[in-house]
Amino acid sequence: MSLLELSEVDSYYGQSHILRDVTMDVEEGEICALLGRNGAGKTTTLRSISGARPPEVRDGSVTFKGEDITDLSPEDISSRGISLVPEERRVFPNLTVAENLHLAEVTNNASNTVGRTIPEVEHAGMTTDQVYEEFPRLDERRTQQAGTLSGGEQQMLAIARALKQSTDLLLLDEPYEGLAPQIIADVEDAIERISESGTTILLVEQNAVAAMDIADRCYVVDQGSIVFEGSAAELRQDDETRERYLGV
Ligand code: ATP
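Overview of the structure.

## Here's the deal with the pairing of strand S4 (residues 56-64)
When a strand is regular, its side chains alternate between the sheet's two faces. Note that strand S1 (residues 4-13) and S4 share seven bridges and pair antiparallel. Pairing of Ser11 across the sheet is with Val57, part of S4. Strand direction decides the pairing type here: S4 and strand S5 (residues 67-68), joined by two bridges, are antiparallel. Bridging across to S5, Phe64 finds its partner in Glu67. Here S4 folds back onto S5 in antiparallel fashion, the turn holding two residues, of which Lys65 has a positive phi close to 50°.

## Structural notes on the site of the ligand
Around the ligand sit 13 residues, and of these Asn38, Gly39, Thr43, Thr44 and Glu174 come closest. Here Asn38 contributes a side-chain N or O atom positioned 2.3 Å from an oxygen atom of the ligand. Measuring from an oxygen atom of the ligand, one finds a backbone N or O atom of Gly39 at 2.7 Å. Within the complex, 61% of the 630 Å² of free accessible area of the ligand lies under protein. At three residues, the largest contribution of residues to the shell around the ligand is made by helix H1 (residues 42-50). Per-class residue counts for the shell around the ligand are three nonpolar, six polar and four charged.

## Comments concerning the sheet that holds S4
Pairing is antiparallel across the open sheet formed by four strands, whose spatial order is S2-S1-S4-S5. The two strands at the open ends of the sheet, each matched to only one other strand, are strand S2 (16-26) and S5. Relative to S2, S1 is paired through seven bridges, and the arrangement is antiparallel. Bridging across to S2, Leu4 finds its partner in Val26. Across the face of the sheet, H1 comes into contact with S1, S2 and S4 while running at roughly 110° to S1.

Cut-offs applied
Residues numbered from 1 in each chain as written. Predicted model: local features only at pLDDT ≥ 70, side-chain atom pairs only at ≥ 80, totals over all residues. Heavy atoms only, no water. Pairing = 2+ DSSP bridges. Helix = DSSP H or I, 4+ residues; strand = E, 2+ residues; numbered from the N terminus. Near = heavy atom within 4 Å. Polar contact = N/O pair within 3.5 Å; in protein donor to acceptor, adjacent residues only side chain to side chain. Areas by Shrake-Rupley, 256 points an atom, 1.4 Å probe, with all protein chains shown as cover. Nonpolar A, V, L, I, M, F, W, Y, C, P; charged D, E, K, R; others polar. Contact = heavy atoms within 4.5 Å. Axes fitted to C-alpha atoms, helices over the stretch in contact; angles between N-to-C directions.

Have a look at this one:
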């Protein structure tokens, strides 16, 4: 059994049929990349997994740790150990790094306790000390306003905020977007460290070259359908798929 399984998922925005028969597996412990051009359906796939609506999943199923989560709310899905870092890197620009991390803890606890008894909320994410150990750049900038951090540092803060909740599967939506190559390398290092510490990662990227650097396995999506599945090494060797669907 894989950690995450999508089976023949069809997702819609109103009448628009976007994901068609999407089947993919994410194995425990791996870094899996979902690659594709602009508008291919990458974010729609992550939203279909995380329970964010829209889109509406009208057919197929999403299974996590063997449980069908297709129709669960985002809060219930997140309480089972799936964290999403959306494309727009949600940090509070006027608050400091430390305040952003503190708020993540408070809001995670609040959303995890809705409708539950306290003993069910034993799931604890990273402590603030662990976050600072994992992300030394954030440690150096505890008192700096988040809005004044560089793009890469804001990405790290957004990831750190997600990890404040207990996370078995981290979904990253275009973490390299808008970042310079040197900064991409720093974010790559952070993602690899998180992976080594035991968190499974599903990474969605347009920057296929950077994603292939760290991914164990890759899927390519085009017009809402999976058109390639294989190891990063196989994708590197598959010139036709790369050129046709990824333009690299
Ligand atoms: P990008 O890299 O540009 O974010 P993507 O691969 O993540 O691309 P999606 O955001 O999943 O692409 O979009 C897939 C398709 O769904 C696109 O045609 C897009 O216009 C459409 N779409 C996305 N969000 C909505 C929405 N809320 N309502 C209607 N259509 C949408």
